[in-house]
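Coordinate inspection notes
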Amino acid sequence: MDPKELPANIRDDKISEETKKLISSLPSHTDSQGQKICQYQGCWYYYNTLQGVLNFQRDFQPKDTDIILASYPKSGTTWLKALTVALLERSMSDSSSDDDHPLLYDNPHGIVPFLETDQCSSSNLAKFSASPRLLSTHMPLQAMHETLKNSSCKIVYICRNVKDMLISLWFFGSAVHKIEPTRSLLESMFKSLCNGTNYYGPFWEHLLGYWRRSVEDPKHVLFMRYEEMKAEPHAQIKRLANFLGCPFTKQEEDGGVVDKILDLCSLRNLSSLEVNKTGKIKNMDHKFYFRKGEVGDSKNYLTPEMENKIDMIIQEKLQGSGLKF
Ligand code: PAP
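Residues numbered from 1 in each chain as written. Predicted model: local features only at pLDDT ≥ 70, side-chain atom pairs only at ≥ 80, totals over all residues. Heavy atoms only, no water.

The cut-off we apply is this: UniProt positions are given in the numbering used here, feature names are shortened, and annotations may be inferred rather than shown by experiment.
The name given to the chain in an unreviewed UniProt entry is Sulfotransferase, with the source organism recorded as Brassica carinata. Looking at the Sequence similarities (unreviewed entry) heading of the UniProt record, one finds this comment for the chain: "Belongs to the sulfotransferase 1 family."

1. Description of the packing of aromatic side chains
Condition: Only the six-membered ring of Trp is used, alongside the rings of Phe and Tyr, when aromatic pairs are assigned; centres must lie within 6.5 Å, and planes under 30 degrees apart are stacked while those over 60 apart are edge-to-face, with the rest tilted. Summary of the burial criterion: residues with accessible area below 20% of their type's maximum are buried, those above 50% are exposed, and those between are partly exposed, where the area comes from a 1.4 Å probe applied to protein chains only. The helix count covers DSSP runs of H or I at least four residues long, the strand count covers runs of E at least two residues long, and both are numbered beginning at the N terminus. By the criterion adopted, a ring carries a charge over it if an Arg CZ or a Lys NZ lies within 6 Å of its centre and within 35 degrees of its normal.
Following the criterion strictly, the structure yields 13 aromatic pairs and no others. Relative to Phe-60, the ring of Phe-56 lies with its centre 5.2 Å away and its plane at 25°, an arrangement referred to as stacked. The same class applies to Phe-56 and to Phe-60, which are both buried. For the pair Tyr-157 and Tyr-210, a centre-to-centre distance of 4.2 Å together with 15° between the ring planes defines the contact as stacked. Note that Tyr-157 is positioned in strand β6 (residues 154–159) and Tyr-210 in helix α9 (residues 203–216), a separation of 53 residues in sequence. The buried category is assigned to Tyr-210, whose relative accessible area is 0%. A network of ring pairs unites the aromatic residues Tyr-45, Tyr-46, Tyr-199 and Tyr-200 as a single cluster. Taking the ring centre of Phe-172 as reference, the NZ or CZ of Lys-74 above it sits at 3.3 Å.

Spelled out as structure tokens, the structure:
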């Protein structure tokens, strides 16, 4: 999740008069964390995120070589960013030795910028002139459709079990706002997740947009799952490398490069690095991006009723799509 979005989302200085006018015509409400949120083109955004989306839609100039890492918040974005950086780093330069790797000196979010922030203004993008440009987003595919329609850039989407994503978000939001992760906050977040009015929601539209495109156009959209990454990391990182056009050679596999990348990008390793223990992006501590990283952690916090409700929504909304949880 982009660090600039959470603590003070209504940064009026960043919101143009035109956008304020647009916001006044949109459905809006205050979310479970007391933040104003509005619905634009079917998706719910904080006001400053909406400004970022509009800037992106107006200004972004895609390149066919761009790689966009997409996700719903708290679905494995940090991990996917680290893995992709490590894969490309290895394919772009043989010189990157163990101690000058970019992941040792910056958080993955510092290396791979979000499209819907001012980091992606034309001037800032100049520093990402290396090809391919590695970019990221939490926007649903429909928000990028018009901008990317003539581009053959590649999109990697990572999805995660929605219940674990909710718990991850609950802890993350509480840590960022420096409040206790109370049951009443969880219940309120659960409600807006279920009615589709939470940040970047509805989650089912988000998932389905990328899922359908990955089925229609598998050369350009790869659909990955957090749980599969945990269960079979070797197979999944090879899948990612093949999709990105930088498959592992036999020599690399025999030489343990796959293991080395997985180890470098493991939660244990990344969270133990000084840069991630003490660093910050704007006002966001890097350490908040790393917690347990376990599959099924939601069982420890959701009641059976809450689980059933989410299961029913998934069943209803994803029916017939071929996408299953
Ligand atoms: P973001 O949307 O703010 O970028 P994101 O990285 O998508 O967050 O999700 C954070 C989750 O990924 C956390 O899960 P948890 O709360 O259930 O523990 C975090 O622990 C987990 N995570 C971060 N880095 C890794 C990693 N290298 N490997 C596995 N899981 C990770």
